[in-house]
Amino acid sequence: MVKVVTSLGSTGLADWIVQRFTAILIALYVIFMVVYFFIHPNPTYSEWSTLFSNNWMRTCTFVVFLSIIMHAWVGLWIVSTDYLKHLAVRLIVQMAIIFTLLGCLVWSIEILWGL
Amino acid sequence: MTEAQARKLKVSVYRYNPDKDNKPYMQSYDVDTQLVNGQMLLDVLHVIRVDDPTLGFRQSCREGVCGSDGMNINGKNGLACVTKIVDLPNKITIRPLPGLPVVRDLIVDMSQFYRQYEKAEPYLQNDQPAPAKERLQSPEERAKLDGLYECILCACCSTSCPSFWWNPDKFLGPAALLQAERFLIDSRDNATEERLTALDDAYKVFRCRSIMNCVDVCPKGLNPTKAIAAIREKLIQEGT
Ligand code: SF4
Ligand code: SF4
Ligand code: FES
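Report follows, based on the coordinates. Here the structure is a predicted model, which is why all the values come from computation and not from measurement. (Residues numbered from 1 in each chain as written. Chains lettered and ligands numbered in written order. Predicted model: local features only at pLDDT ≥ 70, side-chain atom pairs only at ≥ 80, totals over all residues. Heavy atoms only, no water.)

Digging into the packing of helix 3 (residues 55–83) of chain A against helix 4 (residues 87–113) of chain A
All names here are of chain A.
- It is at 10 Å that the axes of helix 3 and helix 4 come closest, and there the two elements cross at 175°. The angle between the axes of helix 3 and helix 4 places the two elements in the roughly antiparallel class.
- Of the residues in the contact of helix 3 with helix 4, the class split is 16 nonpolar, seven polar and two charged. (Axes fitted to C-alpha atoms, helices over the stretch in contact; angles between N-to-C directions. Helix = DSSP H or I, 4+ residues; strand = E, 2+ residues; numbered from the N terminus. Parallel < 35°, antiparallel > 145°, perpendicular 65-115°, else oblique. Nonpolar A, V, L, I, M, F, W, Y, C, P; charged D, E, K, R; others polar.)

Following this line, the structure appears as C-alpha cells:
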C-alpha cells in the first residue's frame, strides 16, 4: 500500500469522501447565496452586515471556507502528483499551495469575525 | 474485394528500432486494397510487411481473442485484427499503444501492465476446505461475472487512460481493476476483505477520474469504469 505523507486522508477512500462531502457543503452554500441574492438583488451595506453579524452565518461560512480549502487541497495534491515528477519541485509546489490555503483560512477568520 | 471498393490507402506507421534509430519516425506506405487478402487492418499490415519485412508488430489469433495486436489507430486504441478497413479513412496513422516503452515499431513492452495485473491477484482465494468435487456456483452468482471475465488483456484500455500514463506503477489501470472486481464479486472467493484493504490507497483505485477512455476503446465492449465504481462502492461500505 502506498502511504503518502502529504495526502490529506490516510487512504484514497478518505480523500475521496472528503472531496464529495465538501462538494455538497459548498453546493448548499452556493444555493443559499443565490437565493439570498434573489431576495436582495442589491444588498445594502447594513443588510449585508446584518447577514454576517449572525453567528450561525459566520460559522457556516467558515465551515464552507474550510471545505473549499480541503477540497482544493485534495484536488491540487492529485494534480501535483500526476504532473510534477521531480520530488523537490513537487514538494516546493505543495508547500506553496498549503501555505496559500492556510493563509486564506486565517484571512477568512479575520474577515468573518473582524479580529 | 470488388473493383468498386478498391481504395488506395496511405498508411503512416510509427517506426523505431532502438538498435539503429536515434529517434522514432513515421514511415508512409501506399497500399492498394485490391492486394489485401482480408477485411481488417491487420491484413493491411501484412501486405506492408511483404514489401518491408523490417516492420515489427505482434499478432496471433487474428480474431480478437488473444489481445496481441493492440495499437493506436488514427488516435484511438484498438485491435488491428478486428478493425475493419471499410470503417477507416484512406489516410491511416498507426502508432504503438501510448504510454508503454517501445521495444520496436508497434511492439511495446507490456511488463508494467502485467505487474499491475498481478497486483489485482487474479486468481481465486478461498481458505475453506475444498469440497470433494468442486466449488459450486448458482447461475445467478455466475452471471455476476459477465462483463468482467471476457477481458483479453490487450491493454487498449489502460494505455488510453491518462491516470495510467501518469502513474503506471501506482494506479492499477482499468484492465487490472476490471479483474480486481471480477474476483471481488466471485462467490467462490472469500478473500474479499483482504483484497479491499490492499486496494485502499491514494492511487490504486482512486486515481480513476471516470474519464471513460477505457470504455470508449475496449474491443470487447467491456466497461472498466463501471467495475471501478463498484469497487469504490465496496470500499465505502467497508470503510464506513
Ligand atoms: S474511467 Fe478511470 S480507468 Fe477508465 S480511462 Fe478514465 S480514469 Fe482511466
Ligand atoms: S478491458 Fe477491454 S481494453 Fe482493457 S485489456 Fe480487457 S479487453 Fe482489452
Ligand atoms: S491478433 Fe489476437 S487479438 Fe488481434
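Here's the deal with the environment of B:Ile92
Residues and elements named next belong to chain B.
- Relative to the elements of secondary structure, Ile92 occurs in strand 5 (residues 91–95).
- Under the relative-accessibility criterion, Ile92 is labelled buried at 1%.
- Once the C-alpha coordinates of Ile92 and Leu45 are considered, the two residues, 47 residues apart in sequence, prove to be 11 Å apart.
- For Ile92, the contacting residues outside a window of four places in its chain are Leu9, Lys10, Val11, Ser12, Leu41, Ile73 and Asn74. (Buried < 20%, exposed > 50% of the residue type's maximum accessible area, 1.4 Å probe, protein only. Contact = heavy atoms within 4.5 Å.)

Description of the pattern of salt bridges
All names here are of chain B.
- On inspection of all chains with the given rule, the structure shows 13 salt bridges over all chains.
- A salt bridge links Lys8 to Asp32; its shortest N-O distance comes to 3.2 Å. Residue Lys8 is located in strand 1 (residues 8–15), and its partner Asp32 is located in strand 2 (residues 25–32); the two are separated by 24 residues in the primary sequence.
- Taking the relative accessible area as the measure of exposure, Lys8 reaches 62% and is therefore exposed.
- Here Arg15 ties to Asp52 by a salt bridge, and the two come within 3.0 Å at their closest N and O atoms. Placement of the pair is Arg15 in strand 1 and Asp52 in the loop between helix 1 (41–51) and strand 3 (70–73), with a sequence separation of 37 residues. (Salt bridge = Lys/Arg side-chain N within 4 Å of Asp/Glu carboxyl O.)

Some points on the site of ligand 2
- Taken together, B:Cys151, B:Ile152, B:Leu153, B:Cys154, B:Ala155, B:Cys156, B:Cys157, B:Ala175, B:Leu178, B:Cys218, B:Pro219 and B:Lys220 form the complete shell of residues around ligand 2.
- Broken down by class, the residue content of the shell around ligand 2 amounts to 11 nonpolar, no polar and one charged. (Near = heavy atom within 4 Å.)

Some remarks on the interface of chain A and chain B
- In this assembly, 16 residues from chain A lie in contact with 18 residues from chain B.
- Interface of chain A and chain B: buried area, both sides summed, is about 1600 Å²; carbon and sulfur atoms make up 61% of it.
- Taken together, chain A and chain B are joined by one salt bridge.
- Our count for the chain A to chain B interface comes out at nine residue pairs in polar contact (both at pLDDT 80 or more).
- Of all the secondary-structure elements, those providing two or more residues to the side of chain A that touches chain B are helix 1 (12–39) and helix 3 of chain A.
- Counting residues per element, the side of chain A that touches chain B draws most heavily on helix 1 of chain A, at six residues.
- Here the residues of the side of chain A that touches chain B are counted per class, giving nine nonpolar, four polar and three charged. (Buried area = accessible area lost by both parts, 1.4 Å probe. Polar contact = N/O pair within 3.5 Å; in protein donor to acceptor, adjacent residues only side chain to side chain.)

These values are about where atoms sit, not about what they do.
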